[in-house]
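Each chain, letter by letter, is given below.
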Amino acid sequence: ADAAGFTRCQLWCASVEEELNEFAYDAAQAGLSYSLDVVPGGLQLFVSGFSDKLPTLLEIVARKMREVSEVKPGTFAIVRDRAERDLQNLALKQRPCDLAARKARELQHSLTFTVEDRRAALQAMN
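Bear in mind the structure is a predicted one, so any value in this text is a computation, not a measurement.

Here is what the cut-offs are and how they apply
Residues numbered from 1 in each chain as written. Predicted model: local features only at pLDDT ≥ 70, side-chain atom pairs only at ≥ 80, totals over all residues. Heavy atoms only, no water. Helix = DSSP H or I, 4+ residues; strand = E, 2+ residues; numbered from the N terminus. Buried < 20%, exposed > 50% of the residue type's maximum accessible area, 1.4 Å probe, protein only. Contact = heavy atoms within 4.5 Å. Areas by Shrake-Rupley, 256 points an atom, 1.4 Å probe, with all protein chains shown as cover. Lys, Arg positive; Asp, Glu negative; His and termini not counted. Charge placed at Lys NZ, Arg CZ, Asp CG, Glu CD. Core = buried A, V, L, I, M, F, W, Y, C linked by side-chain atoms within 4.5 Å. Salt bridge = Lys/Arg side-chain N within 4 Å of Asp/Glu carboxyl O.

S.K.: Is there a simple way to think about the overall build of the protein in this case?
M.R.: The number of helices and strands found in the protein is six helices and two strands. Scanning the protein from its N terminus toward the C terminus, one meets helices and strands in the order α-α-β-β-α-α-α-α. The burial tally for the protein puts 26% of its 126 residues in the buried class. A separation threshold of at least 6 residues defines the contact pool for the protein, and within that pool the share at least 24 residues apart is 60%. When the accessible surface of the protein is summed, it comes to about 8200 Å², and 55% of that surface belongs to carbon and sulfur atoms. Both charge centroids of the protein, one from 16 positive and one from 18 negative side chains, sit 4 Å from each other.

Put into structure tokens, the structure is as follows:
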């Protein structure tokens, strides 16, 4: 795995979440939530809430994950722009103490890619 692959996975997760935005709002109103994240070695889907509808939430999110083999151009533009702004803020607008803490985490975790590497990978994508 490299920074480009990690960044592509992050964009894919964000795309799935973006396409489920309207559904996620309704689920949140019912006290349910989910998150889809990139973790070392793969993806992590986490669902939570106290309702008999929790299995339905899991089913809908898993179905969307299967369906999103290709990201729609409009969705990609939204999540890429958001990711670019987030990474730029992390790289350029952090307080010195936060920057030091981030660099320490990057050094401690061998499976972490630096913000700079992720920004470069994102900028290389169309």
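Back to the text.
S.K.: What's the story with the nonpolar core in this structure? I'm lost.
M.R.: The tendency in soluble globular proteins is for nonpolar side chains to be buried as a group. Grouped together as the largest cluster of nonpolar side chains are 16 residues, with contacts concentrated most on Trp12, Val16, Leu36, Leu57, Val61 and Met65. Looking at this core, the elements that each hand over two or more residues are helix H1 (3–19), strand S1 (33–39) and helix H3 (54–67). The leading source of residues in this core is H1, at five residues. In this view, leucine 36 contacts Trp12, Cys13, Val16, Glu17, Gln44, Leu45 and Met65; residues no more than four positions away in its chain are not counted.

S.K.: How do you make sense of the pattern of salt bridges when you look at a structure like this?
M.R.: Here the idea is simple: oppositely charged side chains can pair when their charged atoms come close. Counted according to the given criterion, the structure contains seven salt bridges. In this structure, lysine 64 engages glutamate 67 in a salt bridge whose closest nitrogen and oxygen atoms are separated by 3.8 Å. Taken as a pair, lysine 64 and glutamate 67 lie in helix H3 at a separation of three residues, close to a single helical turn. By relative accessible area, lysine 64 is classed as buried at 17%. Here arginine 80 ties to glutamate 84 by a salt bridge, and the two come within 3.2 Å at their closest N and O atoms. On the criterion of helical spacing, the pair formed by arginine 80 and glutamate 84 is a turn pair, its members being four residues apart in helix H4 (residues 73–92). Classification of arginine 80 as buried rests on a relative accessible area of 16%. Linked by salt bridges that have partners in common, Glu19, Lys64 and Glu67 make up one network.

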